[in-house]
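Each chain, written out:
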Amino acid sequence: MVFTAAAFLIIVGFAVFWVRSHRRVPAPGDSEPAPAMVRIASRFVAPSEDEALALVREAIANRDPAMVEAIVRRGATDAVKVVEFMEALETRDGPVRRMSWLGSMDVDGLLMEGVWIKCAGETSPVERLAFLVSDEVGVWKMDFEAFARTCTPGWRDFLGGGAKRARVRVVVGKDSYYNGPFIDESEWESFALAAPEAKELLPEGRDLLCGYCRRNSPQARAMARIFKDEAKKRRATLEIQRTDGADSRQFEITRVLAEDWVVQARPFDEKFE
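The numbering scheme is per chain: residues are counted from 1 as the chain's sequence reads. Whole-chain, interface and lining totals are the exception, using all residues; otherwise, since this is a predicted model, local features are given only for residues with pLDDT of at least 70 and side-chain atom pairs are given and counted only at 80 or more. The side-chain figures draw on all heavy atoms in the structure; neither hydrogens nor water molecules are used.

Peer 1: Sorry if this is basic, but what is going on with the sheet that holds strand E10 (residues 250-258) here?
Peer 2: Backbone hydrogen bonds hold the strands of a sheet together, and the pairing may be parallel or antiparallel. Two strands are counted as paired when DSSP detects at least two bridges linking them. For helices the rule is a DSSP run of H or I covering at least 4 residues; for strands it is a run of E covering at least 2, with both sets numbered from the N terminus onward. One closed barrel holds the 5 strands; their spatial order is E6-E7-E8-E10-E9, and the pairing between them is mixed. Strand-to-strand, the axes of this sheet are offset by a mean angle of 55°, without reference to chain direction. Taken together, the 5 bridges between strand E9 (residues 234-241) and E10 define a ladder with antiparallel strand orientation. The partner of glutamine 241 across the bridge, within E10, is glutamate 252. To get an axis, fit a line to the C-alpha atoms, keeping to the stretch in contact for a helix; angles then go from 0 to 180 degrees between the N-to-C directions.

Next comes the structure, spelled out in structure tokens:
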């Protein structure tokens, strides 16, 4: 009986360790949020669950461009454009039905707090992620461009052929499709790229883009780091460009700017040059 009890405790302990070590933040499309993550120590006091949810609600509800700077990490987006996006959010995504705190996460050395948002949608639920980031003096703000999944230029201009190169926020998965100028598997690594805004512009029956980076390049090494835990899909901010002779959905990955949707001053792939 003693040996049986000891074995049972070991199995339970291993199971608890496995569950805790595999917690993650969901990508848009996941039906339920991940369990709250463990809080990570920071040189600034991180917001509590209630404070994090309140900060996100305040950022979404704000209609004063003069207040944007105080509550939103707007990046390159003008304050007026931030307010316009938030004003149109309910019409575009539907009313917010649920918000869940995801806890702390350390992404490329940047401490963030995550909030998962589920909106009603016109025909099906729409999900978004809000990331709170501390500024240099300890004020926590919502990263607007990650929340809006900003693409520069916009997906419509890029996929319509108006631009050769774009900076995009996508969900990435490893793939095995090689064709056209990317047919040589010894030269290229293949990835599937998904974005809700891009899906609406693709031919019927197609919901993914194809991305390729050269093997042994800084971009390939950066992507390997992103998938170091064998996850099936990850968020990333990439620079992609058209290649002569490629299918309309095929693009070369020329930069890996961030291993999530919050972009820092130093591009992620510079670490692997």
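Peer 1: Which parts of the structure should I look at to understand the sheet that holds strand E5 (residues 140-143)?
Peer 2: Reading across the sheet, the 5 strands line up as E1-E5-E4-E3-E2 and stay open at both edges, with mixed pairing between neighbours. Each edge of the sheet is formed by a strand with only one pairing partner; in this case those strands are strand E1 (72-73) and strand E2 (96-107). One ladder, built from 10 bridges, connects E2 with strand E3 (residues 110-119); its direction is antiparallel. Residue methionine 99 lies in a different strand from E3, and its bridge partner there is isoleucine 117. Residue contacts follow a heavy-atom distance rule, with two residues in contact if any of their heavy atoms lie within 4.5 Å. On top of the sheet, helix H2 (residues 49-61) reaches E1, E2, E3, strand E4 (126-134) and E5; it is set at about 115° to E2, its chief contact. In the packing of helix H4 (residues 79-93) onto the sheet, contacts are made with E1, E3, E4 and E5, and the angle to E4 comes to roughly 150°.

Peer 1: Is there a simple way to think about the nonpolar core in this case?
Peer 2: Nonpolar side chains in soluble globular proteins tend to end up buried together. By size, the foremost hydrophobic cluster in this structure holds 29 residues, and its most contacted members are Val56, Val115, Ile117, Met142 and Phe147. The set of elements that each furnish at least two residues to this core consists of H2, helix H3 (65-71), H4, E2, E3, E4, E5 and helix H5 (144-148). In terms of residue count, the dominant contributor to this core is H4 (6 residues). Valine 56 has contacts with Met99, Val115, Ile117, Ala130, Leu132 and Met142, leaving out every residue within four places of it along the chain. What makes a nonpolar core is a set of buried Ala, Val, Leu, Ile, Met, Phe, Trp, Tyr and Cys residues whose side-chain atoms join them at distances within 4.5 Å. Accessible area is worked out with a 1.4 Å probe on protein chains only. A residue is then buried under 20% of its type maximum, exposed over 50%, and partly exposed in between. Phe158, Ala166, Val172 and Ile253 belong to the second largest nonpolar core, which has 28 residues in total.

Peer 1: When you look at H4 in this model, what are you seeing that I'm missing?
Peer 2: Since there are 3.6 residues in each turn of an α-helix, residues three or four apart along the chain are aligned in direction. A helix's residues, less one, multiplied by 1.5 Å, set its expected span. In this model, H4 (15 residues) spans 21 Å end to end at C-alpha, consistent with the 21 Å of a helix rising 1.5 Å per residue. What the bend at a residue measures is the angle between two axes, fitted to the seven residues ending there and to the seven starting there. When the local axis directions of H4 are compared, the greatest deviation, roughly 35°, occurs at glutamate 87. Phi turns positive, to about 95°, at glycine 94, one or two residues after H4.

Don't take any of this as a statement about function, it's just geometry.
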